[in-house]
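# Residue-level structural notes
Spelled out, the chains give:
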Amino acid sequence: MNDSDGEISWEVAHDDSVDLFSDFNKVQYNVIYQFMQNDIFYLFHATTKEKYNKILSSKSIRTSGGCLAGGIYCTPVEMETDGELRLHNLGSYYYLVELPEAEYAKTEHKNHSKGVIFEIENPNRKAKLLGVNYMKFGQIFYRHFMHNEAIQKLGWKEEIREKTALIVKKSERFILYSMSLYEVDITYQQACAYMELFNFASEKLTLLGYVLFEAVSQYIAYYETEEISQKYNKKNEIYNWNYKELFFDLFPFLRVKFDLEKIYYDEQKYCQYIEDNLIIDCFDWKDFTTTICKKCIQILVRECIGLLDESAFQSDENGEFPAELRPLLGHIVHRVLKEEKYREAYGNIERAIAAEAWEYWNEHDILMVYNSGMAKGEMGINPSLINKFRYHVYECNGIENREGFYYLKKGNAIDVKVQEKIIEYKESMLR
């Protein structure tokens, strides 16, 4: 794949076309598009006490790979008219629930989170924002895998390609069936049958776990009706606590490692949880299953692998598949490389992808990126551009709950700089 293909890959991976069941009120005025339109804006980065002490001792914050490619993982902070700093609800969930429970699941020790507050000066409104969709990284990952020298030297390339080809072969019938249902009216009975096949296929095609997570999360974020979600919607925030709690309660292993490859669809479990927790008024089980089915197919086709036919699965005499299959191949290779044996090569590719992302962002003057699969508040600071802005980092001295909203207690400035270096996968807390 030549350089022009690489440029096309990154153009495709970035978009601002957030689709939340066509509810543009939750998208158009979302706080992530608004909070940077100030002379100074704020972001919150949550971490554990142990990692916070490393930040202080090293005087640096390193970058995460994963769904934001290479950004300092943050959530927005809104400065209210009285000057107080209100934390986005996704940030409060990380800080108060997800990080402490993940730490306890691993160590059995209660360990409250720590946080830092970024204050970025933006007097000329030069800071630009762009959406990035990790579901569209398949082609990029495949290109880096094919050109990775370490994988070739270790003799793993053919081994991984054989594993990938086997998964492709075992997934072909399911994928083609999914293609046949794309943008087609689906009955509840068809949806039930499809989701049963979906679960079976996901045992090999582990990408499907991510697809399911996105589909269910978006459904709940759109339809949730209980009081606290409506309060946050009025603040132009998609409320994240409900779908987060659903997945962590139904799949407790996610608290130890956020491994979406292992989740599956169970109508009884999902729907009973939503009913028992009063998340959605007048909740309809059949509509839920039918809509989740349609959404899974839509995400799989539009975002992950494209619209494929039988010819895409026909390899040549050298075992090469047609170019249109590369997005799917990349998603499969991505997850094969997470096996312990290949973990070093996986980190090598993540670093190469991050460097390429930074180059793309810098060419387009992008300081901030957000996960555009859903405008839920998941954001990243471009570490290679931030030093062109004046910024300060402050300790967070805790947060205060006022009627369901959380306000940051801003502490002293700390001597910390953003480091243009990807943290190792094994050091990541929630991946």
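Structure: above.
Residues numbered from 1 in each chain as written. Predicted model: local features only at pLDDT ≥ 70, side-chain atom pairs only at ≥ 80, totals over all residues. Heavy atoms only, no water.

## Points about the pairing of strand β9 (residues 391–402)
What counts here: Pairing between two strands requires that DSSP report at least two bridges joining them. Working definition: helices are DSSP H or I runs of at least four residues, strands are E runs of at least two. Numbering for both runs from the N terminus.
Taken together, the six bridges between strand β5 (residues 114–121) and β9 define a ladder with antiparallel strand orientation. Across the sheet, the residue bridging to glutamate 119 is histidine 392, located in β9. As paired strands, β9 and strand β10 (residues 405–413) are joined by six bridges and run antiparallel to one another. Across the sheet, tyrosine 394 pairs through a bridge with alanine 413, a residue of β10.

## Some points on helix α9 (residues 188–202)
Quick reminder of the rule: The span one expects for a helix is its residue count, reduced by one, times 1.5 Å. Here's how the labels work: a residue is buried when its accessible area is under 20% of the maximum for its type, exposed when over 50%, partly exposed in between, all with a 1.4 Å probe on protein chains only. To be clear, the arc concerns the directions from the helix axis to the C-beta atoms. Residue contacts are counted whenever heavy atoms from the two residues lie within 4.5 Å of one another.
The end-to-end C-alpha distance of α9 is 21 Å, a good match for the 21 Å that 15 residues give at a rise of 1.5 Å each. For α9, the set of buried residues is Tyr188, Ala191, Tyr194, Met195, Phe198, Asn199, Ala201 and Ser202. Seen end-on, α9 carries its buried residues on one side only, within an arc spanning 160°. Exposed and oriented more than 90 degrees from the buried face of α9 are Gln189, Glu196 and Phe200. In this fold, the buried residues of α9 make contact with α8 (157–181), α10 (207–223), α13 (267–276) and α14 (285–305).

## Quick word on the side chain of asparagine 382
Its place among the elements puts asparagine 382 in the loop between β8 (379–381) and β9. Note on asparagine 382: relative accessible area 1%, which makes it buried. Those residues in contact with asparagine 382, other than ones at most four positions away along the chain, are Trp358, Trp361, Asn362, Ile366 and Leu367.

## Description of the state of the cysteines
Selection rule: In this description, the term disulfide denotes a pair of cysteine sulfurs within 2.5 Å.
Enumeration over the complete set of coordinates arrives at zero disulfides. Residue cysteine 74 stays outside any disulfide, its sulfur separated by 12 Å from that of cysteine 67, the closest cysteine. Of all cysteine sulfurs in the structure, the one in cysteine 296 sits closest to cysteine 293, which takes part in no disulfide; the separation is 7.2 Å.

## Considering the environment of leucine 87
Here leucine 87 is to be found in strand β4 (residues 85–87). For the pair leucine 87 and leucine 43, spaced 44 residues apart in sequence, the C-alpha to C-alpha distance is 8.5 Å. Leave out the neighbours within four places in its chain, and leucine 87 touches Phe44, Thr75, Pro76, Val77, Ser92, Ile399, Tyr406 and Leu408.

## Details of the environment of lysine 114
The condition is simple: In the analysis that follows, any N or O atom pair within 3.5 Å is treated as a polar contact, provided that within protein one partner can donate a hydrogen and the other can accept it, and provided that, for residues neighboring in sequence, both atoms belong to side chains.
Assignment of secondary structure puts lysine 114 in strand β5. Take lysine 114: its relative accessible area is 16%, and that puts it in the buried class. For the pair lysine 114 and lysine 49, spaced 65 residues apart in sequence, the C-alpha separation works out to 5.5 Å. The residues touching lysine 114, leaving out its near neighbours within four places in the chain, are His45, Ala46, Thr47, Thr48, Lys49, Tyr52, Tyr95, Glu395 and Cys396. Looking at lysine 114, its side chain comes within polar contact range of the side chain of glutamate 395, at 3.0 Å.

## Some points on the packing of aromatic side chains
So the rule is basically this: When two rings of Phe, Tyr or Trp (its six-membered ring) have centres within 6.5 Å they constitute a pair, described as stacked for plane angles under 30 degrees, edge-to-face for angles over 60, and tilted for the intermediate range. We call a charge positioned over a ring when the NZ of a Lys or the CZ of an Arg lies within 6 Å of the ring centre and within 35 degrees of the ring normal.
On inspection of all chains with the given rule, the structure shows 35 aromatic pairs. Between phenylalanine 174 and phenylalanine 198, the aromatic rings sit 6.1 Å apart at their centres with planes inclined by 75°, giving edge-to-face as the arrangement. Of the two residues, phenylalanine 174 is situated in helix α8 and phenylalanine 198 in helix α9; the sequence distance between them amounts to 24 residues. What makes phenylalanine 174 buried here is its relative accessible area of 8%. Look at phenylalanine 198 and you get buried, because its relative accessible area is 2%. Relative to tyrosine 406, the ring of tryptophan 241 lies with its centre 6.1 Å away and its plane at 10°, an arrangement referred to as stacked. You can see tryptophan 241 sitting in helix α12 (residues 241–250) and its partner tyrosine 406 sitting in strand β10, a full 165 residues away along the chain. Each member of the pair, tryptophan 241 as well as tyrosine 406, is classed as buried. The ring of tyrosine 407 has arginine 402 lying over it, and the distance from NZ or CZ to the ring centre is 4.4 Å.

## As for the packing of helix α6 (residues 138–146) against α8
In a pair of packed helices, the angle between the axes and the distance between the axes together describe the arrangement. Definition in use: Only the stretch in contact is used when fitting a helix axis, every axis being a line fitted to C-alpha atoms; angles between N-to-C directions are given from 0 to 180 degrees. Only Asp, Glu, Lys and Arg are considered charged in this grouping, and only Ala, Val, Leu, Ile, Met, Phe, Trp, Tyr, Cys and Pro are considered nonpolar; every other residue, Gly among them, is considered polar.
Running from N to C, α6 and α8 point in directions that differ by 145°, and their axes come no closer than 11 Å. Residues Tyr142, Phe145 and Met146 of α6 form the contact with α8, whose own contacting residues are Lys157, Ile160 and Arg161. Per-class residue counts for the contact of α6 with α8 are four nonpolar, no polar and two charged.

## Structural notes on the pattern of salt bridges
Spelled out, the test is: Any Lys or Arg side-chain nitrogen found within 4 Å of a carboxyl oxygen on Asp or Glu counts as a salt bridge.
Scanning all chains against the criterion turns up 22 salt bridges. Here glutamate 101 makes a salt bridge to arginine 255, at a shortest N to O gap of 2.0 Å. Residue glutamate 101 is found in helix α5 (residues 89–107), and its partner arginine 255 is found in the loop between α12 and α13; the two are separated by 154 residues along the sequence. Residue glutamate 101 is classed as partly exposed on the basis of its relative accessible area of 32%. On the accessibility criterion, arginine 255 (17% relative accessible area) is buried. A salt bridge links arginine 302 to glutamate 183; its shortest N-O distance comes to 3.6 Å. Here arginine 302 is found in helix α14, whereas its partner glutamate 183 is found in the loop between α8 and α9, with 119 residues between them in sequence. Note on arginine 302: relative accessible area 44%, which makes it partly exposed. Overall, the relative accessible area of 63% leaves glutamate 183 in the exposed class. Residues participating in the shared-partner salt-bridge network are Glu78, Glu80, Arg86, Lys235 and Glu237.

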